[in-house]
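A structural walkthrough
One letter stands for each residue in the lines below.
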Amino acid sequence: MKSAIYTDLTIKKSLGKKSFAVLIDPDKVNTAVLDELIELSVSARVDYFLVGGSLVISNHLDECVQHIKQNCDLPVLLFPGSPSQVSKYADALLYLSLISGRNPELLIGQHVVSAPFVKQSGLEIMPTGYIVVDGGAPTTVSYISNAAPVPSDKNEIAMCTAMAGEMLGMKLIYMDAGSGAKRPITETMIKAVADNIEAPLITGGGIITPEKAYLNCKAGADVIVVGNAIEKDASLIKEMSDAVHSVPVKA
Ligand code: 1GP
């Protein structure tokens, strides 16, 4: 099994180096928009592209991933909302299990159905414990998943969920308030989780300012994901990336 991207992420974590990921929803970009995002991301030293969404309606995922790969060297990580969102042209797959929910389909059912073609894809598979946190309004992910999110003030639930996910063998934990969340995840919740796991921690959902991205990192997040805010204002890519990379590394 491939592991280059994950290994690199764990090395960065051990050094205290934070990463910034731009989330691209294939439904929301045409080639011109994609070209702009690629150019801005490369020059801003973005670390990863995440591609996917809770609900991808069009079928140009392959096209979108190929276009990114043909035009830059940034790693493309799939962030799938369903088993149909697997593209062999990407570098890695966040193999998400919705451990904050109690919907068996999203915990294991869809994985069983898609396992043979996921394996055949040749992608680097990154087993990821996916924790959805209440972001103050129903988001696509909370509706589609048919699973209750972790209440935003229940830090200990998020912490125990992440610990359980890690002990079950998940290599990454992704805490998500949902795309366009009104309330991003609090730093106290991020800290409670980060202090109790060794796996790299990804956070996202409703992050709209560089300050918030910075504070998430200071609280213990290793990778910050931003989608919506960048769709609205692509110049935020540089500000966000600079903020994340300005977090002091370990001495
Ligand atoms: C959603 O974490 C991602 O799954 C990003 O959220 O689009 O709100 O930045 P935003």
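Here we summarise the structure given alongside this text. None of the values given here were measured: they were computed from a predicted structure.

**A word on the overall build of the protein**
- Of regular secondary structure, the protein possesses 10 helices and eight strands.
- For a compact globule of 251 residues, the expected C-alpha radius of gyration is about 18 Å, and the protein comes in at 16 Å, within 12% of that figure.
- The burial tally for the protein puts 53% of its 251 residues in the buried class.
- In the protein, 75% of the contacts between residues at least 6 apart in sequence involve partners at least 24 apart.
- Both charge centroids of the protein, one from 21 positive and one from 27 negative side chains, sit 6 Å from each other.

**A closer look at the sheet that holds strand 3 (residues 76-78)**
- If you walk around this closed barrel you meet the eight strands as 1-2-3-4-5-6-7-8, and the pairing is parallel. When strand polarity is set aside, the average angle formed by the axes of neighbouring strands in this sheet is 30°.
- Seen against the sheet, helix 1 (residues 4-15) touches strand 1 (19-24), strand 2 (48-51), strand 3, strand 4 (92-98), strand 5 (124-132), strand 6 (172-176) and strand 8 (223-226) and runs at an angle of roughly 55° to strand 5.

**Looking at helix 3 (residues 61-71)**
- Residues of helix 3 that are buried: Leu61, Cys64, Val65, His67 and Ile68. The arc that holds every buried residue of helix 3, seen down its axis, measures 160°, which confines them to one face. Residues Glu63 and Gln70 are exposed on helix 3 and point more than 90 degrees away from its buried face.
- Against the buried residues of helix 3 lie strand 1, helix 2 (31-43), strand 2 and strand 3.

**Description of the pattern of salt bridges**
- Taken as a whole and judged by the stated rule, the model has 10 salt bridges.
- Put simply, Asp134 and Arg183 hold a salt bridge, and the shortest N to O gap is 3.9 Å. Separated by 49 residues along the polypeptide, Asp134 in the loop between strand 5 and helix 5 (140-145) and Arg183 in the loop between strand 6 and helix 7 (187-194) bring together distant segments of the chain.
- For Asp134, a relative accessible area of 29% puts it in the partly exposed group.
- One salt-bridge network, held together by shared partners, links Asp8, Lys12 and Asp47.

**A look at the site of the ligand**
- Near the ligand you find 13 residues, and of these Asp176, Ser179, Gly180, Gly206 and Gly227 are the closest.
- Note that an oxygen atom of the ligand is positioned 2.9 Å from one of the side-chain N or O atoms of Tyr174.
- Interatomic distance of 2.8 Å between a backbone N/O atom of Gly206 and an oxygen atom of the ligand.
- Summarising the interface, the protein chains cover 96% of the accessible area of the ligand, which totals 310 Å² for the free molecule.
- The residue inventory of the shell around the ligand, partitioned by class, reads four nonpolar, eight polar and one charged.

**Thoughts on unusual backbone geometry**
- The phi dihedral of Arg45 falls on the positive side, at around 55°, and the residue is not glycine.
- Following the sequence through the fold, Arg45 ends up in the loop between helix 2 and strand 2.
- Residue classification places Arg45 among the exposed positions, given a relative accessible area of 54%.
- For Asn146, which is not glycine, the phi torsion reads 50° and is therefore positive.
- One can find Asn146 in the loop between helix 5 and helix 6 (155-167).

**Considering the packing of helix 6 against helix 7**
- Look at helix 6 against helix 7: their axes get within 8 Å of each other, and the N-to-C directions meet at 30°. Taken together, helix 6 and helix 7 sit at an angle that is classed as roughly parallel. When you trace helix 6 past helix 7, the crossing you get is right-handed. Of helix 7, the residues touching helix 6 (which contributes Asn155, Ala158, Met159 and Ala162) are Thr188, Met189, Ala192 and Val193.
- Among the residues making up the contact of helix 6 with helix 7, the classes are represented as six nonpolar, two polar and no charged.

Rules used in this analysis
- Residues numbered from 1 in each chain as written.
- Predicted model: local features only at pLDDT ≥ 70, side-chain atom pairs only at ≥ 80, totals over all residues.
- Heavy atoms only, no water.
- Helix = DSSP H or I, 4+ residues; strand = E, 2+ residues; numbered from the N terminus.
- Rg over C-alpha atoms; globule rule 2.2 N^0.38 Å.
- Buried < 20%, exposed > 50% of the residue type's maximum accessible area, 1.4 Å probe, protein only.
- Contact = heavy atoms within 4.5 Å.
- Lys, Arg positive; Asp, Glu negative; His and termini not counted.
- Charge placed at Lys NZ, Arg CZ, Asp CG, Glu CD.
- Pairing = 2+ DSSP bridges.
- Axes fitted to C-alpha atoms, helices over the stretch in contact; angles between N-to-C directions.
- Arc of directions from axis to C-beta.
- Salt bridge = Lys/Arg side-chain N within 4 Å of Asp/Glu carboxyl O.
- Near = heavy atom within 4 Å.
- Polar contact = N/O pair within 3.5 Å; in protein donor to acceptor, adjacent residues only side chain to side chain.
- Areas by Shrake-Rupley, 256 points an atom, 1.4 Å probe, with all protein chains shown as cover.
- Nonpolar A, V, L, I, M, F, W, Y, C, P; charged D, E, K, R; others polar.
- Parallel < 35°, antiparallel > 145°, perpendicular 65-115°, else oblique.
- Left-handed = near helix turned anticlockwise from the far one by under 90°.

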